[in-house]
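An overview of the molecular structure
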Amino acid sequence: MLGYAQAADPLKVGFVYISPIGDAGWTYQHDLGRLQMEKALGDKVETKYIENVPEGADAERVIRELASSGYNLIYATSFGYMNYVERVAKQFPNVTLMHATGYKMGKNFGNYNARFYEGRYLNGVVAGKMSKSNVLGYVAAFPIPEVVMGINAFARGARSVNPDAEVRVIWVNSWYDPGKEREAALTLISQGADMITHHTDSTAVVQAAEEKGVNAFSYHSDMSKYGAKAQLSGTTHQWGKFYTDTTQSVLDGTWKPASTWGGIKDEMIEIVPLNPSVPADVKAQVEKLEAEMRAGTFHPFAGPIVDQDGRTRVPAGEVISDDDLGRMKYFVEGVASKLRQN
């Protein structure tokens, strides 16, 4: 196969985004990655993005239109796009498609995700150490394994340093709804949460924490501009290197379908620098754990893992498999809420 690097025309690369780009959040991080890739590859690529595409028939239409308009590589960046990516991939066998956070693959169709649970665990350690009420609030999008995994990692991090810590969850049933996110955050704060985080796309949770004088952990992006006092840290996704390397492989004609799941050691996950208010001993503990994750000597889901009903899911001495992580449908000890939509 002739690589695109030898072709006269640039490789056309399309990005499909679930929410507005804005200046922080999930989509913002993907767009930073797109811009980093564009800068690295220069005139070898031409990119286009379509933002605010809902997970439904519109997504299939948008992905198909990109494929039929000469876009030879398409990145679809939300879980609910998966089945639509699969359909378009079968209809356009000469187009390469990549889907974020899903699990399906095909001849011209791969997937990718970041091990955000590593950052969640580290944030949980800070929350558990610094909470005075022992109530940690979590604003969550949908009860799917991706989100459940993050809640459980946050809870395990907190409980590793504070056995009395509990995580309370409110589902907003949306990836991006600032109004609902804010309402959920305020409800959790009213229930005594003095540490709060979110698996949603806007800055509303961090802003609510700043207003109410409690602490927060951002997600996807550093949101300290919205909560200079509130934000103690956060978990960020770094997509630039992945987008650059993957696009280069398509240019070279060496791309093959694969499932990529990178973490701290792969430079796909970083935690936001700790707020100066975080005590030195807590900072040292987080840095030690982060180094161990980078070295591969510590896993946030090393056994024993016990669920909230007292059932051992992973015995001591074992580490949960990636397959089981990807199918996680239970809450661990320390999560007070039940796993259901509110």
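Located above this text is the structure these notes cover.
Now for a quick tour of the structure. (Residues numbered from 1 in each chain as written. Predicted model: local features only at pLDDT ≥ 70, side-chain atom pairs only at ≥ 80, totals over all residues. Heavy atoms only, no water.)

A few words on empty space enclosed by the protein. Using the criterion set out here, one finds 1 cavity of 30 Å³ or more in the structure. By volume, the largest cavity is sized at about 100 Å³. What lines the largest cavity is Ile 18, Trp 26, Ser 78, Phe 79, Thr 101, Glu 146, Trp 175, His 199, Thr 200, Asp 201 and His 220. A per-class count over the lining of the largest cavity returns 4 nonpolar, 5 polar and 2 charged. (1 Å grid on protein atoms, 1.4 Å probe; cavity = no way out; pocket = protein on both sides within 12 Å on 5 of 7 lines; lining within 4 Å. Points joined across faces, edges and corners; volume = space filled by probe spheres on them. Nonpolar A, V, L, I, M, F, W, Y, C, P; charged D, E, K, R; others polar.)

This part covers the nonpolar core. The tendency in soluble globular proteins is for nonpolar side chains to be buried side by side. Among the nonpolar cores identified, the biggest contains 90 residues, and Ile 63, Ile 74, Tyr 75, Ile 151, Val 167, Val 169 and Phe 301 are the most heavily contacted of them. Counting 19 residues, the second-largest nonpolar core is a separate cluster that includes Val 139, Val 206, Val 214 and Ala 230. (Core = buried A, V, L, I, M, F, W, Y, C linked by side-chain atoms within 4.5 Å. Buried < 20%, exposed > 50% of the residue type's maximum accessible area, 1.4 Å probe, protein only.)

Quick look at the sheet that holds strand 3 (residues 73-76) now. Across the sheet, which stays open at both edges, the 6 strands sit in the order 2-1-3-4-5-11 with parallel pairing between neighbours. Of all the strands in the sheet, the pair left with one neighbour each is strand 2 (45-50) and strand 11 (259-262). The sheet shows a mean angle of 15° between the axes of neighbouring strands, direction not considered. (Pairing = 2+ DSSP bridges. Helix = DSSP H or I, 4+ residues; strand = E, 2+ residues; numbered from the N terminus. Axes fitted to C-alpha atoms, helices over the stretch in contact; angles between N-to-C directions.)

The next point concerns the sheet that holds strand 10 (residues 231-237). Pairing is mixed in the open sheet, where 6 strands are placed in the order 7-6-8-9-10-12. Looking along the sheet, the strands with just one partner apiece sit at the ends: strand 7 (166-171) and strand 12 (269-271). Put simply, the sheet's adjacent strands are angled 15° from each other on average, direction ignored. Inspection of the sheet shows strand 8 (residues 195-199) paired to strand 9 (residues 215-220) by 3 bridges, in the parallel sense. Its bridge partner lying in strand 9, Thr 197 is registered against Phe 217. Those strands touched by helix 6 (residues 178-190) are strand 6 (135-140), strand 7 and strand 8, and its axis lies near 165° from that of strand 6. (Contact = heavy atoms within 4.5 Å.)

So, on to unusual backbone geometry. Here the amide bond leading from Gly 303 into Pro 304 is cis, since omega sits at 5°, within 30 degrees of zero. For Pro 304, the location among the structural elements is in the loop between helix 9 (280-295) and strand 13 (305-306). For Asn 173, which is not glycine, the phi dihedral falls at a positive 55°. Looking at where Asn 173 falls in the secondary structure, it is placed in the loop between strand 7 and helix 6.

Let us look at the layout of surface pockets. As a volume, the largest pocket reaches approximately 430 Å³. Counting residues per element, the ones that place at least two in the lining of the largest pocket are strand 5 (109-114), helix 5 (145-161), strand 11 and helix 10 (322-326). Class assignment of the residues belonging to the lining of the largest pocket gives a composition of 6 nonpolar, 7 polar and 4 charged.

Attention now moves to the packing of helix 4 (residues 116-130) against helix 9. Following both chains from N to C, one finds helix 4 and helix 9 inclined at 160°, their axes separated by 10 Å at the closest point. When the axis of helix 4 is compared with that of helix 9, the two are roughly antiparallel. For the pair helix 4 and helix 9, the sense of crossing is right-handed. Two secondary-structure elements touch here, helix 4 through Glu 118, Tyr 121, Leu 122, Val 125, Val 126 and Lys 129 and helix 9 through Asp 281, Val 282, Gln 285, Val 286, Leu 289, Glu 290 and Met 293. (Parallel < 35°, antiparallel > 145°, perpendicular 65-115°, else oblique. Left-handed = near helix turned anticlockwise from the far one by under 90°.)

Let's shift gears to the side chain of Asp 201. Take Asp 201: it is sitting in the loop between strand 8 and helix 7 (204-212). No salt bridge is formed by the buried Asp 201, whose closest oppositely charged neighbour, Arg 120, lies at an N-O distance of 11 Å. A distance of 2.2 Å separates a polar atom in the side chain of Asp 201 from a polar atom in the side chain of Ser 19. At 2.4 Å, the side chain of Asp 201 and the backbone nitrogen of Trp 26 are in polar contact. If we ignore the near neighbours within four places in the chain, the residues touching Asp 201 are Ser 19, Ala 24, Gly 25, Trp 26, Thr 27, Trp 175, Tyr 176, Glu 181, His 220 and Met 223. (Lys, Arg positive; Asp, Glu negative; His and termini not counted. Salt bridge = Lys/Arg side-chain N within 4 Å of Asp/Glu carboxyl O. Polar contact = N/O pair within 3.5 Å; in protein donor to acceptor, adjacent residues only side chain to side chain.)

Here we come to helix 8 (residues 240-252). Helix length check: helix 8 (13 residues) gives 18 Å between terminal C-alpha atoms against 18 Å at 1.5 Å per residue, within 8%. Every buried residue belonging to helix 8 is among Gly 240, Phe 242, Tyr 243, Thr 244, Thr 246, Thr 247, Ser 249, Val 250 and Leu 251, and all of these are buried. Trailing helix 8 by a residue or two, Gly 253 shows a phi angle of about 80°, which is positive. (Expected span 1.5 Å × (residues − 1).)

Moving on, we come to the packing of aromatic side chains. Within this structure, the stated rule accounts for 20 aromatic pairs. Across the ring face of Trp 261, the terminal group of Arg 115 is positioned such that the distance to the ring centre comes to 4.2 Å. Lying across the ring of Tyr 219, Arg 120 places its NZ or CZ 3.7 Å from the centre. (Phe/Tyr/Trp six-rings, centres within 6.5 Å; stacked < 30°, edge-to-face > 60°. Lys NZ or Arg CZ within 6 Å of the ring centre and 35° of its normal.)

Further remarks concern the pattern of salt bridges. Once their charged atoms are close, side chains differing in charge can pair, the charge on each being opposite to the other. A complete count under the given rule lists 18 salt bridges for this structure. Across the pair Arg 294 and Glu 290 runs a salt bridge whose closest N-O atoms are separated by 3.6 Å. Of this pair, Arg 294 and Glu 290 both sit in helix 9, 4 residues apart, which is roughly one turn of the helix. Residue classification places Arg 294 among the partly exposed positions, given a relative accessible area of 42%. What makes Glu 290 buried here is its relative accessible area of 17%. One network of salt bridges, with partners in common, ties together Asp 31, Arg 34 and Glu 38.

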